[in-house]
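Single-letter residue listing:
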Amino acid sequence: MNHLGIGIAILGVGIGLGLIGLGAMQGMARQPEAMSKLQINMLIALAFVELQGLLAFFVLPIMVK
């Protein structure tokens, strides 16, 4: 059952990364002049979401035991 929770967490991270990329690409397509600001914000958001995935993958199994 523990592995199911980790899998769901990783699936959520994948969906979150995709939605962040989608939003950034749409914003860049609408306003190309704001591309550098959008890229910086996108990378910061991607880092936070990826951190949650790494914590779920590495820390959650240790805490459950």
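The shown structure was predicted, so the numbers you read here are calculated from the model rather than taken from an experiment.

Parameters at a glance
Residues numbered from 1 in each chain as written. Predicted model: local features only at pLDDT ≥ 70, side-chain atom pairs only at ≥ 80, totals over all residues. Heavy atoms only, no water. Helix = DSSP H or I, 4+ residues; strand = E, 2+ residues; numbered from the N terminus. Rg over C-alpha atoms; globule rule 2.2 N^0.38 Å. Buried < 20%, exposed > 50% of the residue type's maximum accessible area, 1.4 Å probe, protein only. Areas by Shrake-Rupley, 256 points an atom, 1.4 Å probe, with all protein chains shown as cover. Phe/Tyr/Trp six-rings, centres within 6.5 Å; stacked < 30°, edge-to-face > 60°.

## Structural notes on the overall build of the chain
- Within the chain, the regular secondary structure consists of three helices and zero strands.
- Seen in sequence order, the chain has helices and strands lined up from the N terminus as α-α-α.
- Rg of the C-alpha trace for the chain: 15 Å, well past the compact-globule value of 11 Å for 65 residues, more than 25% over.
- With the C-alpha coordinates aligned to their principal axes, the bounding extent of the chain is approximately 50 × 15 × 5 Å.
- For the chain, with 65 residues in total, the buried portion stands at 15%.
- Here the chain displays about 5000 Å² of accessible surface, and carbon together with sulfur accounts for 74% of that area.

## So, the environment of Met 35
- Tracing the backbone through its elements, the reader meets Met 35 in helix α2 (residues 35-58).
- In the structure, Met 35 is positioned 22 residues away from Val 13 in sequence and 24 Å away in space, judged by C-alpha atoms.

## Let's talk about the packing of aromatic side chains
- Across all of its chains, the model carries one aromatic pair by this definition.
- Centroid distance Phe 57 to Phe 58: 5.0 Å. Interplanar angle 85°. Geometry classified as edge-to-face.

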